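So you can see what is in the structure, the chains are spelled out below.
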Amino acid sequence: MPQLLQLDSSANRQTSVTRELTRLFADTWRRRGPGYTVVERDLHRDPVPHLADAELHYAPRLRVSGVAVDPAAEAVQTELVAEVAVADVVVIGAPMYNWSLPSTLKAWIDHVHVLGTTVPFDAPDQPFAGTPVVVISSRGLAYGPGDPDEGLDHTVPPLQQVLGTSLGMDVTVVTAEYTLASRIPALAPMNERSTASLDAARERVQRLAHDLGA
Ligand SMILES: Cc1cc2nc3c(=O)[nH]c(=O)nc-3n(C[C@H](O)[C@H](O)[C@H](O)COP(=O)(O)O)c2cc1C
């Protein structure tokens, strides 16, 4: 049965753009057929703890000998890694928070990026290799080529590095920009661009949810 893992991290439970888009992705996925299932993990509602121990960054065989890792903390990590391992497709809502990732999403990353388990270290372990992952990132302003804040997006690049380069997943990025245009009067001239960006993101999300993992 094709399974989608849906991760959300926005602290906005009412009008979140990333939540709207991950929900649209999941709904489109479900409509593909009765076997298309979704596992939802809301990292804001049910936050993953910070990584409890640096040793959890390493597979058990690579840990400093004699250092005991809390079994409960290890169980959290095992559950999160297993969730990705069984997913056919992953969709991640990744709003820009202070030019970077929501801390809830970062805590999840710190758990699933494990040297020698999910990342090659002394052996070619890369169990998530090839799994499609769609990163949906909304931001109040815009950070593309030619924009005043070009180069200041530290939300998407670390996700591409971790999920793509390091874990070997097949990363697609969808962005919605100028989401603050309707809230901040000084950004009113960007309203049209904001609407166009969101419309394009909706279309792209539906296409990806329809095509990926086939
Ligand atoms: C804590 C916080 C920090 C933010 N930092 C930035 C920022 O650095 N740059 C930016 O363009 N927008 C920033 N924003 C605006 C959000 O990126 C924007 O509202 C986005 O749509 C949030 O995603 P969401 O709609 O899914 O909640 C911030 C919003 C919050 C709540």
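Just above sits the structure.
All figures in this text were calculated on a predicted structure; none of them were measured in a lab.

Caption draft 1: Layout of the site of the ligand. In the vicinity of the ligand lie 17 residues, with Ser10, Ser16, Thr18, Tyr143 and Thr179 positioned nearest. Taking serine 16, its side chain carries an N or O atom lying 2.6 Å from an oxygen atom of the ligand. Separating an oxygen atom of the ligand from a backbone N or O atom of leucine 141 is a distance of 2.9 Å. In isolation the ligand has 630 Å² of accessible area, and contact with the protein removes 76% of it.

Caption draft 2: Local environment of helix α2 (residues 71–85). Between its first and last C-alpha atoms α2 spans 20 Å; for 15 residues at 1.5 Å apiece the expected length is 21 Å, and the two agree. By the N-cap criterion, in which a side-chain oxygen at the helix start approaches the backbone nitrogen of a residue two or three places on, α2 is capped by aspartate 70, the distance to alanine 72 being 3.1 Å.

Caption draft 3: Main features of the pairing of strand β5 (residues 170–176). As paired elements, strand β4 (residues 132–138) and β5 share 7 bridges and run parallel to each other. Across the sheet, valine 135 pairs through a bridge with valine 173, a residue of β5. Handedness of the crossover joining β4 and β5 through helix α4 (residues 156–166): right-handed.

The rules behind these values
- Residues numbered from 1 in each chain as written.
- Predicted model: local features only at pLDDT ≥ 70, side-chain atom pairs only at ≥ 80, totals over all residues.
- Heavy atoms only, no water.
- Near = heavy atom within 4 Å.
- Polar contact = N/O pair within 3.5 Å; in protein donor to acceptor, adjacent residues only side chain to side chain.
- Areas by Shrake-Rupley, 256 points an atom, 1.4 Å probe, with all protein chains shown as cover.
- Helix = DSSP H or I, 4+ residues; strand = E, 2+ residues; numbered from the N terminus.
- Expected span 1.5 Å × (residues − 1).
- Pairing = 2+ DSSP bridges.
- Right-handed = clockwise from strand over helix to strand, strands pointing away.

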